[in-house]
Amino acid sequence: SQQRLAEGIQRLKAMNINTLYPVVWNMGYTQYPSDVAERYLGRRRRLWPGDNVAFEADQGDRDMLQELIELAHAEEMAVIPWFEFGFMAPSNYTIRTEHPEWFTQRQDGTQEISMGTEVFTWMNPFHPQTRRLLLLLMAEVLDNYDVEGIQVDDHLGLPVDMGYDPFTVQLYQQEHDGELPPDDDTNPEWMRWRADKITQLVKEVSETVKRRRPEAIFSVSPNPPAFSYRNFLQDWPQWLKETEVDEVLIQTYRWNLASFVNELQKPSVQELLQQVSISIGVLSGLKNKAMPLSTLKQQCQAVRANGYAGMS
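So, how was this worked out
Residues numbered from 1 in each chain as written. Predicted model: local features only at pLDDT ≥ 70, side-chain atom pairs only at ≥ 80, totals over all residues. Heavy atoms only, no water. Phe/Tyr/Trp six-rings, centres within 6.5 Å; stacked < 30°, edge-to-face > 60°. Helix = DSSP H or I, 4+ residues; strand = E, 2+ residues; numbered from the N terminus. Buried < 20%, exposed > 50% of the residue type's maximum accessible area, 1.4 Å probe, protein only. Lys NZ or Arg CZ within 6 Å of the ring centre and 35° of its normal. Pairing = 2+ DSSP bridges. Arc of directions from axis to C-beta. Contact = heavy atoms within 4.5 Å. Polar contact = N/O pair within 3.5 Å; in protein donor to acceptor, adjacent residues only side chain to side chain. Axes fitted to C-alpha atoms, helices over the stretch in contact; angles between N-to-C directions. Parallel < 35°, antiparallel > 145°, perpendicular 65-115°, else oblique. Left-handed = near helix turned anticlockwise from the far one by under 90°. Nonpolar A, V, L, I, M, F, W, Y, C, P; charged D, E, K, R; others polar.

(A) Expanded view of the packing of aromatic side chains. The tally for this structure, following the rule as stated, stands at twelve aromatic pairs. Their ring planes at 55° and their centres at 4.8 Å tell us that tryptophan 48 and phenylalanine 55 sit as a pair that is tilted. Between tyrosine 172 and tryptophan 190, the aromatic rings sit 5.2 Å apart at their centres with planes inclined by 85°, giving edge-to-face as the arrangement. Of this pair, tyrosine 172 sits in helix H7 (residues 166-174) while tryptophan 190 sits in helix H8 (residues 188-212), and the two are 18 residues apart along the sequence. Judged by its relative accessible area of 3%, tyrosine 172 falls in the buried class. Put simply, the rings of Phe126, Tyr164, Tyr172, Trp190 and Trp193 touch in pairs and so form one group of aromatic residues. In this structure, arginine 43 is placed above the aromatic ring of tyrosine 29, and the distance from its NZ or CZ to the ring centre is 5.7 Å.

Shown next as structure tokens:
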């Protein structure tokens with residue numbers, strides 16, 4: 001309800017939070033009314049993470065993003081919509097049946113990714129139609145809402161064991177005199193080729209943001225550099241060299257204080273502090289497990305002590 005949304009924002013304001021990153025792209029659907037989503041996905045908006053017809057009907061034509069913007073701006077908080085799911089999609093996604101060529105796969109042809117009790121799949125970040133879908137959604141938000149920027153995260157990449165779909169294989173062959181991609185998904189050249197394609201996509205996202213609104217913040221929230229590259233082919237230090245990234249929020253999710261501080265002090269991250277505003281994503285807990293408040297406090301103190309711009 002709008003009342004509970006307002007109460008939530010008041011709690012955040014009381015904690016001196018100054019920026020909100022509302023999820024607008026989740027489980028394969030938009031959480032705001034979208035003409036682009038209706039055209040591509042046949043569904044204008046979905047607020048519940050599943051099919052709950054009664055719940056959606058009760059919400060009417062509600063625009064929760066617009067409500068949040070008005071409530072946040074009244075408290076002088078910035079709003080940067082978060083395209084959380086990137087290319088990750090639910091396994092029962094409708095367009096997976098309609099457009100199987102939009103999805104990528106492992107070398108053995110499997111596509112499913114298990115995470116906890118849920119199963120996902122991955123749209124192909126190299127396919128022009130999936131790229132176009134995400135870019136159009138971002139442009140739509142920037143055109144229609146008074147927001148301070150756009151954020152993407154670790155799902156704007158590709159799991160390292162994927163990329164063996166027919167479209168990507170053919171693209172690789174075109175650029176390698178007909179050679180097939182290596183069987184080893186961690187082959188350095190094969191990883192670099194895919195990572196460079198992801199970097200090119202990030203350039204397109206940044207250009208879309210800046211073309212629509214030059215003063216808007218392009219925010220990225222990846223994992224620490226080595227993990228990002230090894231697991232999702234995201235070479236985000238390279239992004240900083242090749243395109244306009246305004247802030248980085250590194251997902252430094254650790255239950256142990258020592259390992260958390262170790263990540264903050266790694267030279268590979270420290271040397272980037274002079275290039276861009278870097279904040280740290282701190283884990284407050286998972287659905288069924290809270291971070292001890294004492295540890296959370298210590299982690300926040302460590303973020304400040306190590307010279308970062310802030311924490312999320």
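Now that the structure is up, let's keep going.
(B) Molecular detail of the pairing of strand S7 (residues 118-122). Summarising the sheet, strand S5 (residues 88-90) and S7 pair through three bridges and their orientation is antiparallel. Within S7, the residue paired with alanine 89 across the bridge is threonine 121. As judged from the three bridges shared by strand S6 (residues 113-115) and S7, these two strands associate in the antiparallel manner. The partner of serine 114 across the bridge, within S7, is valine 119. The hairpin turn running from S6 into S7, its antiparallel successor, is two residues long, and glycine 116 in that turn takes a positive phi close to 65°.

(C) Examining helix H11 (residues 257-264) more closely. Along H11, the residues classified as buried are Phe260, Glu263 and Leu264. On an axial view of H11, the arc spanned by its buried residues comes to 105°, and they lie on one face. Close packing links the buried residues of H11 with helix H12 (267-270), strand S11 (277-281) and helix H13 (293-305). Here H11 starts with a cap whose side-chain oxygen sits 2.8 Å from the backbone nitrogen of alanine 258, and that cap is asparagine 256.

(D) Expanded view of the sheet that holds S6. With respect to topology, three strands assemble into an open sheet ordered S5-S7-S6, the strand pairing being antiparallel. Each having just a single partner strand, S5 and S6 make up the two edges of the open sheet. Neighbour to neighbour, the strand axes of the sheet diverge by 45° on average, direction disregarded.

(E) Structural detail: the side chain of threonine 252. Structurally, threonine 252 can be placed in the loop between strand S10 (247-251) and H11. Residues in contact with threonine 252, not counting those within four places in the same chain, are Phe260, Glu263, Leu264, Ile280 and Gly281.

(F) Structural context of the environment of arginine 62. Structurally, the position occupied by arginine 62 is in the loop between helix H3 (53-59) and helix H4 (64-74). Accessibility expressed as a relative area gives 13% for arginine 62, which makes it buried. What arginine 62 contacts, discounting residues up to four positions off in sequence, is Ser1, Gln2, Leu5, Pro33, Arg45 and Glu67. A distance of 2.8 Å separates the side chain of arginine 62 from the side chain of glutamate 67, its partner in a polar contact.

(G) Inspection of the packing of helix H6 (residues 128-144) against H8 at higher detail. As a packed pair, H6 and H8 sit with axes 9 Å apart at the nearest point and diverge in direction by 25°. In terms of axis orientation, H6 runs roughly parallel to H8. Note that H6 runs across H8; the crossing there is right-handed. Facing H6, whose interface residues are Arg131, Leu135, Met138, Ala139, Leu142 and Asp143, H8 presents Lys197, Gln200, Leu201, Glu204, Val205, Thr208, Val209 and Arg212. Considered class by class, the residues forming the contact of H6 with H8 number seven nonpolar, two polar and five charged.

(H) Spotlight on the sheet that holds strand S8 (residues 149-153). Strand order in the open sheet formed by four strands is S8-S9-S10-S11, and the pairing between neighbours is parallel. With partners counted over all chains shown, the strands left at the sheet margins are S8 and S11, one partner each. Going from strand to strand, the sheet's axes swing by 20° on average, the running direction of each strand aside. Taken together, the two bridges between strand S9 (residues 217-221) and S10 define a ladder with parallel strand orientation. The partner of serine 219 across the bridge, within S10, is glutamate 247.

(I) Representation of the environment of threonine 110 in the model. Within the secondary structure, threonine 110 sits in the loop between helix H5 (94-98) and S6. You can call threonine 110 partly exposed: its relative accessible area is 33%. In this structure the C-alpha to C-alpha distance between threonine 110 and aspartate 61, which are 49 residues apart in sequence, comes to 38 Å. Reaching out from threonine 110, the side chain makes a polar contact with the side chain of aspartate 108 at a distance of 2.7 Å.

(J) Highlighting unusual backbone geometry. Unusually for a residue other than glycine, asparagine 16 sits at a positive phi of about 70°. Counting through the fold element by element, asparagine 16 comes out in the loop between helix H1 (2-14) and strand S1 (19-20). One non-glycine residue, glutamate 76, lies in positive phi territory at about 60°. If you trace the backbone, glutamate 76 turns up in the loop between H4 and strand S4 (78-79).

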